[in-house]
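# Observations on the three-dimensional arrangement
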Amino acid sequence: MADDTICAPATPPIYSSIAIIRISGPEALRVANSLFPDAGRLRPRHARYGTLIDDGKPIDDAIVICYPSPRSYTGEDMAEIFCHGNPIIVQNIIMLLLGRGVRIAEPGEFTRRAFLNGKMDLTEAEAVNHIIMAKSEWEIETSLRQMHGSLRDMVQHIRSLIIEFKADIEAGIDFSEEDIEFISTGTALEATARIREAIGNILGRCRTGERLSHGIDITITGKPNVGKSSVLNLLLNAERAIVSDIPGTTRDIIREPFQIGGMHVNLVDTAGIDTPGDEIERIGIDLSHRKIESSPFIIMVLDGVAGMGEADGKILEKTRNKKRVIIINKCDIASPEEIQNIQNRLPEEAIQFSALTGSGLANLTDAISRLIKEDFIEIENSFIADVRIISLLERALGITTGIGELVSGHEPPEIISFELQSLIDVLAEITGEITPDDVLDSIFNRFCIGK
Ligand SMILES: Nc1nc2c(ncn2[C@@H]2O[C@H](COP(=O)(O)OP(=O)(O)OP(=O)(O)O)[C@@H](O)[C@H]2O)c(=O)[nH]1
Ligand SMILES: [Mg+2]
């Protein structure tokens, strides 16, 4: 347990109905009790309402709750003050606490203490920050599961597989001279394969989570003037991109975050692709081509009035292997014959759409969310992982491959056991049992103050 007491506002410095200040450490309860002049001890986990007094001067009417150790977020003695959400009041209370020997917390210090006091492992601590920073429903749900131990449990399961295997291998060490096999090469290879598969499985799910949490780019493409920017604006429900009847209006790439089916995506509007009219348009079209190449998901817009042309055919060809939704736009004024005509020339069913009236919008968002879920089949089981966890899992996979080779090569059990211990250590870094201070610093520095 830490020997000093920390405090910080847990809410942002804005005018709001309520602000919360947290205190944690050995002096937390004494300081919290001293805030009320008529003392009377605070009952654990009960709200106490009263006027906070500093040197005889009232500061605010507030509620204080105390949480004696170990039943608190940090595992230490803690108190929370709920005052009026005025930054001046918050500042006054903080100054009062500082005057009583409490110091201001570093970013993430409350969660760091919770981790150090065994209230949560590192995967759960990181999930706390992901919940706060989440940009989609999916991210919140996944982070919440992770905060409840989903990733920790999987890592612990693999760890127990390794420990069991290591015990079998070590049983053979004393007898290795005598050629007695405690575990056959076949069984050892099976155990290695099982461990490898389990690590590969988590790694896949972490990679999925990592990609999804950054948001997936969905690029809107088509020839000029078909209504790409109108589709973007309709989806965003905002006049984000300039719309005009002059072909070649959009020249830059416009990228906006958005939520589809509970997932965080980035909608990307691009310049219409056709023969450029001038140098700037040519640059815009080059950018569009590059964006299509790098984007896994495409919304291809066709013009229901102008019909299909050579440029459309080329874009269709270029996006053939992408996850794609085709929409026939301007259906509010296009003739049914022309719409049918276009559909007949398409390799897949298109959505009849109007960026002007909004018709077809639900079909479009459903189709996109279906495409994403098809591509990320592990979406429901993914983990929110960052490069730290992913690179540790990659290292674990490498070590496991090496162990397989040692087993096949009938290497002595001492060497195999040594490698199995390295593998256990790498997994312990994921959950934070073995983690250097600088790694902890870099993790908790990303948290807000007061968390
Ligand atoms: N009637 C009708 N007009 C539309 C529809 N969608 C777009 N338009 C019109 O089509 C014209 C071109 O729309 P934009 O959204 O600027 O088209 P764009 O594909 O982004 O064009 P560029 O940026 O030049 O490539 C504008 O005059 C829009 O008002 C639609 O669904 N129905
Ligand atoms: Mg445009």
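Every residue gets a number counted from 1 within its own chain, in the order that chain's sequence is written. Going through the entries in the order they are written, you letter the chains from A and number the ligands from 1. With pLDDT at 70 or above as the cut-off, local features in this predicted model cover only qualifying residues; side-chain atom pairs require 80 or more to be listed or tallied, and sums for whole chains, interfaces and linings still use all residues.

### Let's talk about the overall build of the protein chain
Elements are defined by DSSP. Helices are runs of H or I of four residues or more, strands are runs of E of two residues or more, and each kind is numbered from the N terminus. In terms of regular secondary structure, the protein chain is built from 15 helices and twelve strands. Against the compact-globule benchmark of 22 Å for 451 residues, the protein chain has a radius of gyration of 30 Å, which places it well outside the compact range. With the C-alpha coordinates aligned to their principal axes, the bounding extent of the protein chain is approximately 85 × 80 × 35 Å. Any residue with 12 or fewer other C-beta atoms within 10 Å of its own C-beta is exposed, any with 20 or more is buried, and the rest are partly exposed; the C-beta atoms used are placed from the backbone. Here the protein chain, with 451 residues, has 39% of them falling under the buried criterion. Residues are defined as contacting one another if the C-beta atoms placed from their backbone atoms lie within 7 Å. Restricting to contacts in the protein chain with at least 6 residues of sequence separation, those with at least 24 account for 68%. In this treatment the radius of gyration is a C-alpha quantity, and the globule benchmark scales as 2.2 Å times the residue count to the 0.38 power.

### Quick word on the site of ligand 1
With respect to spatial proximity, 24 residues lie near ligand 1, and among them Gly227, Ser229, Ser230, Thr250 and Gly272 are the closest. By residue number, the principal contributor to the shell around ligand 1 is helix H8 (residues 228-236), which donates three residues. We call Asp, Glu, Lys and Arg charged. Ala, Val, Leu, Ile, Met, Phe, Trp, Tyr, Cys and Pro are nonpolar, and the rest, Gly among them, are polar. For the shell around ligand 1, a count of residues per class yields eight nonpolar, twelve polar and four charged. Each residue receives a C-beta atom built from its backbone; the residue is near a molecule or strand if that atom lies within 6 Å of it.

### Let's talk about the packing of helix H6 (residues 150-171) against helix H14 (residues 413-431)
To get an axis, a line is fitted to the C-alpha atoms, and for a helix only the part in contact is used. The angle between two axes follows their N-to-C directions and goes from 0 to 180 degrees. Between H6 and H14, whose axes approach to 10 Å, the crossing angle comes to 165 degrees. The orientation of H6 with respect to H14, classified from their angle, is roughly antiparallel. As for the relative orientation of H6 and H14, their crossing is left-handed in sense. Facing Arg152, Val155, Ile158, Arg159, Ile162, Ile163, Phe165, Lys166, Ile169 and Glu170 of H6, the residues of H14 in contact are Pro413, Ile416, Ser417, Leu420, Leu423, Ile424, Leu427, Ile430 and Thr431. For the contact of H6 with H14, the class distribution of residues is 13 nonpolar, two polar and four charged. Angle categories: roughly parallel below 35 degrees, roughly antiparallel above 145, roughly perpendicular from 65 to 115, and oblique for all the rest. Left-handed is the label given to a crossing in which the near helix is rotated counterclockwise from the far helix by less than a right angle, and right-handed is the label when the rotation is clockwise.

### Some points on the domain arrangement of the protein chain
Domain start and stop points were drawn from an automatic or database domain assignment. For the protein chain, the assigned domains read domain 1 (6-117), domain 2 (124-211 + 386-432) and domain 3 (216-379). Placing a centre on the C-alpha atoms of domain 2 and another on those of domain 3 gives a separation of 43 Å. Contacts between the two partners involve nine residues from domain 2, matched on the other side by nine residues from domain 3. Within the residue set of the side of domain 2 that touches domain 3, elements represented by two or more residues are helix H5 (137-147) and helix H7 (185-213). Element by element, the count of residues in the side of domain 2 that touches domain 3 is highest for H7, at four residues.

### Examining H8
Listed as buried for H8 are Lys228, Ser229, Ser230, Val231, Leu232 and Leu235. Packing partners of the buried residues in H8 comprise strand E7 (216-221), strand E8 (254-260), strand E9 (263-269), strand E10 (297-303) and strand E11 (323-329). Once H8 finishes, asparagine 237 follows within two positions and takes phi at roughly 55 degrees, a positive value.

### Focus: the sheet that holds E7
Spatially, E8-E9-E7-E10-E11-E12 is the arrangement adopted by the six strands of the open sheet, whose pairing is mixed. Looking at the sheet topology across the chains shown, the edges are occupied by E8 and strand E12 (351-352). Direction of pairing for E10 relative to E11: parallel, over a ladder of seven bridges. Bridging across to E11, methionine 300 finds its partner in isoleucine 326. Following DSSP output, two strands are said to pair if at least two bridges run between them.

### What to know about the sheet that holds strand E5 (residues 78-85)
Taken together, six strands build an open sheet; the order of strands is E3-E4-E5-E2-E1-E6 and the sheet is mixed. A single partner strand is all that each edge strand has here, and the edge strands are strand E3 (48-54) and strand E6 (103-104). Note: strand E1 (residues 6-9) against strand E2 (residues 16-24), four bridges, orientation antiparallel. Bridge pairing links alanine 8 to arginine 22 in E2.

### Quick look at helix H12 (residues 361-375)
Every α-helix winds through 3.6 residues per turn, so residues three or four apart in the chain are directed the same way. Expected helix span is computed as 1.5 Å times (number of residues minus one). With 15 residues, H12 extends 21 Å from end C-alpha to end C-alpha; this agrees with the ideal 21 Å at 1.5 Å per step. Those residues of H12 that sit buried are Ile368, Leu371 and Ile372. Along the axis of H12, the buried residues cluster in a sector spanning 95 degrees; they form a single face. Across H12 from its buried face, at more than 90 degrees, point the exposed residues Ala362 and Glu374. Residues of H12 that are buried in the fold lie against E7, E8, E9, E10 and E11. Relevant arc is that of directions from the helix axis to the C-beta atoms, nothing else.

### Points about the nonpolar core
Each nonpolar core reported here comprises buried Ala, Val, Leu, Ile, Met, Phe, Trp, Tyr and Cys residues connected via C-beta atoms within 7 Å. Among the nonpolar cores identified, the biggest contains 64 residues, and Cys7, Ile23, Ala32, Val64, Ala79 and Ile93 are the most heavily contacted of them. Among the elements that make up this core, the one with the highest residue count is H6 (seven residues). Residues in contact with valine 64, not counting those within four places in the same chain, are Ala32, Leu35, Leu42, Arg48, Ala79 and Ile81. Ranked by size, the runner-up nonpolar core spans 39 residues in total, among them Leu212, Met263, Val268 and Leu371.

### Section: the environment of glycine 432
Inspection of the secondary structure puts glycine 432 in the loop between H14 and helix H15 (437-444). Under the C-beta neighbour-count criterion, glycine 432 is labelled buried, with 20 such atoms within 10 Å. Among residues more than four places away in sequence, those in contact with glycine 432 are Phe115, Asp121 and Leu122.

### A few points about the packing of helix H13 (residues 387-408) against H14
When two helices pack together, their arrangement is given by the angle between the helix axes and by the axis-to-axis distance. Their axes nearest at 9 Å, the elements H13 and H14 cross at an angle of 165 degrees. Regarding the angle of H13 to H14, the classification is roughly antiparallel. Seen along the crossing, H13 lies across H14 with a hand that is left-handed. Residues Ile389, Leu392, Arg395, Ala396, Ile399, Thr400, Gly402, Ile403, Leu406 and Val407 of H13 touch H14, and the partners they reach there are Ile415, Ile416, Glu419, Leu420, Ser422, Leu423, Val426, Leu427, Glu429 and Ile430. Looking at the contact of H13 with H14 residue by residue, the class counts come to 14 nonpolar, three polar and three charged.

### Quick word on the pairing of E11
The element E11 is largely enclosed, with a buried count of six among its seven residues. Place the viewer so that the strands point away; then a crossover is right-handed whenever the path from the first strand over the helix to the second strand goes clockwise. Between the parallel elements E10 and E11, the chain passes through helix H10 (residues 310-318) in a crossover that is right-handed. Judged from the two bridges that link them, E11 and E12 form a sheet pairing that is parallel. Within E12, the residue paired with isoleucine 327 across the bridge is isoleucine 351. The parallel pair E11 and E12, bridged by helix H11 (residues 336-344), forms a crossover whose chirality is right-handed.

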